[in-house]
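The chain contents come next:
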Amino acid sequence: MFSYFAYGLGLHSEIPIPEFIADTVPADVTLRIDTQGKFTDYLPEKALAETWALQVNRERAIVYVRDTGLYLIERGTEIVFLPAAEATQAIIRFYLVGTIMAIVLYQRQFLVLHGSVIAMGGSAVLFLGNSGDGKSSTAAALHAAGYRLVNDDVAPITLSDRPALLEPGFPQIKLSEATARVLNYDFAALPLLHGDSHKRGYRPQGDFDRSPLNIGRIYVLSYGEDFASTPIASSLATMELSRHSRPTTLYQQGDAQHFFQCTNLVREQTIYRLQRPKNLTLLPQIVSFIEQDLALST
């Protein structure tokens, strides 16, 4: 078994996961490969004909991706993967480190936001949005300006104590070629995520701080003509957190606990809408705007 640390959890895996931090830690989650199981043991033939299929709840989840395989997640402690014949290690890990771990965290009672996170002033600053809204690009611009990367896409929050705490993920952020060019990264030298992805993984060098962070600010990203940061009314903010969190972003309905988690976080945090022009060449200006916006609130 390989042993790793990510999202505050120890993971023991039958396959290598180089994205995660290698460490000898107790197993909170185990991953094993089942080459004998059949997809039809878990899903009907009709579902297997689709590109993907999802069934998610707190106890058990099934994630099927055609030409990749089927992931079975039980109670946030065990992942069983049934590989498709065409599956490569890269594509298995592509889904594992993001979507599958997000479901594991959801089953373990975290509020799992769909966002990228940067440490600024000793606190976590979160950027939420739909795919393509610029979460990773914004975080990458701040990292290039000297701020520490904390999470990309999966942002798990613990609400059992006050204040809420965010668990760091692992040292990688996804970059498109256009974003890499603006931020002066050598896109061709970055690791491929998998063959069908137009993004690559930038992996910062140096120690990755695993310590949970207090939350300094939560932004919901949007596009507009000008730069602006405006607080969102509490009732709308709860809806925004819900729609930018798991399982909603996986097209699954959240339960009462998920709703109350969103409500409780809004009671503790003012959520802001961050508007900026849709222009990657303005990424340095986005950094300056965020720095100034956070300075105004201190």
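Structural data are supplied above this passage.
Enquirer: What am I meant to see in the overall build of the protein chain here?
Expert: A count of helical and extended segments in the protein chain gives seven helices and 18 strands. The C-alpha atoms of the protein chain give a radius of gyration of 19 Å, which matches the 19 Å a tight globule of 298 residues would have. For the protein chain, the spread of C-alpha atoms along the three principal axes comes to 60 × 45 × 40 Å. Per-residue burial for the protein chain yields a buried fraction of 54% across its 298 residues. For the protein chain, the proportion of contacts with a sequence separation of at least 24, taken over those separated by at least 6, is 63%. Of the roughly 13500 Å² that the protein chain leaves accessible, carbon and sulfur atoms contribute 50%.

Enquirer: Which parts of the structure should I look at to understand unusual backbone geometry?
Expert: When glycine is set aside, most residues are seen to have a negative phi, and most peptide bonds are trans. For the bond running from Arg-246 to Pro-247, omega is 10°, close enough to zero to count as cis. With respect to the helices and strands, the residue Pro-247 is situated in the loop between α5 (234–243) and α6 (256–268). Here the phi dihedral of Asp-67 falls at roughly 70°; this positive angle occurs in a residue that is not glycine. Counting through the fold element by element, Asp-67 comes out in the loop between β6 (60–65) and β7 (69–74).

Enquirer: Can you walk me through the sheet that holds strand β4 (residues 29–33) in this structure?
Expert: The strands that make up a sheet are held in pairs by hydrogen bonds between backbone atoms, and each pair lies either parallel or antiparallel. Spatially, the eight strands line up as an open sheet ordered β3-β1-β2-β4-β8-β7-β6-β5, and their pairing is mixed. Looking at the sheet topology across the chains shown, the edges are occupied by β3 (21–22) and β5 (52–56). Strand direction decides the pairing type here: strand β1 (residues 2–6) and strand β2 (residues 9–13), joined by five bridges, are antiparallel. Across the sheet, Phe-5 pairs through a bridge with Gly-10, a residue of β2.

Enquirer: I would appreciate a short explanation of helix α3 (residues 135–144) in the present structure.
Expert: An α-helical turn contains 3.6 residues, so a residue and the one three or four places further along point in the same direction. Within α3, nine of the 10 residues are buried, leaving the element largely enclosed by the surrounding structure. Buried within α3 are the following residues: Lys-135, Ser-136, Ser-137, Thr-138, Ala-139, Ala-140, Ala-141, Leu-142 and His-143. Downstream of α3 by a residue or two, Gly-146 has a phi angle that is positive, lying close to 110°.

Enquirer: What am I meant to see in the packing of α5 against α6 here?
Expert: Any two packed helices are characterised by the angle at which their axes cross and by the distance between the axes. Running from N to C, α5 and α6 point in directions that differ by 130°, and their axes come no closer than 9 Å. With respect to α6, the axis of α5 lies oblique. Crossing geometry of α5 relative to α6 is assigned as right-handed. Packed against α5, whose contacting residues are Ser-234, Ala-237, Thr-238, Leu-241 and Ser-242, the element α6 presents His-258, Phe-259, Cys-262, Thr-263, Leu-265 and Val-266 at the interface. A breakdown of the residues in the contact of α5 with α6 according to their chemical character gives six nonpolar, five polar and no charged.

Enquirer: What is the right way to look at the packing of aromatic side chains in this model?
Expert: To describe a pair of aromatic rings, one takes the distance between the centres and the angle between the planes. Following the criterion strictly, the structure yields 13 aromatic pairs and no others. When the centroid spacing of 6.5 Å and the interplanar angle of 20° are considered together, the rings of Phe-2 and Tyr-4 count as stacked. An aromatic cluster of three or more residues is present, and its members are Tyr-7, Phe-20 and Phe-170.

Basis of the calculations
Residues numbered from 1 in each chain as written. Predicted model: local features only at pLDDT ≥ 70, side-chain atom pairs only at ≥ 80, totals over all residues. Heavy atoms only, no water. Helix = DSSP H or I, 4+ residues; strand = E, 2+ residues; numbered from the N terminus. Rg over C-alpha atoms; globule rule 2.2 N^0.38 Å. Buried < 20%, exposed > 50% of the residue type's maximum accessible area, 1.4 Å probe, protein only. Contact = heavy atoms within 4.5 Å. Areas by Shrake-Rupley, 256 points an atom, 1.4 Å probe, with all protein chains shown as cover. Pairing = 2+ DSSP bridges. Axes fitted to C-alpha atoms, helices over the stretch in contact; angles between N-to-C directions. Parallel < 35°, antiparallel > 145°, perpendicular 65-115°, else oblique. Left-handed = near helix turned anticlockwise from the far one by under 90°. Nonpolar A, V, L, I, M, F, W, Y, C, P; charged D, E, K, R; others polar. Phe/Tyr/Trp six-rings, centres within 6.5 Å; stacked < 30°, edge-to-face > 60°.

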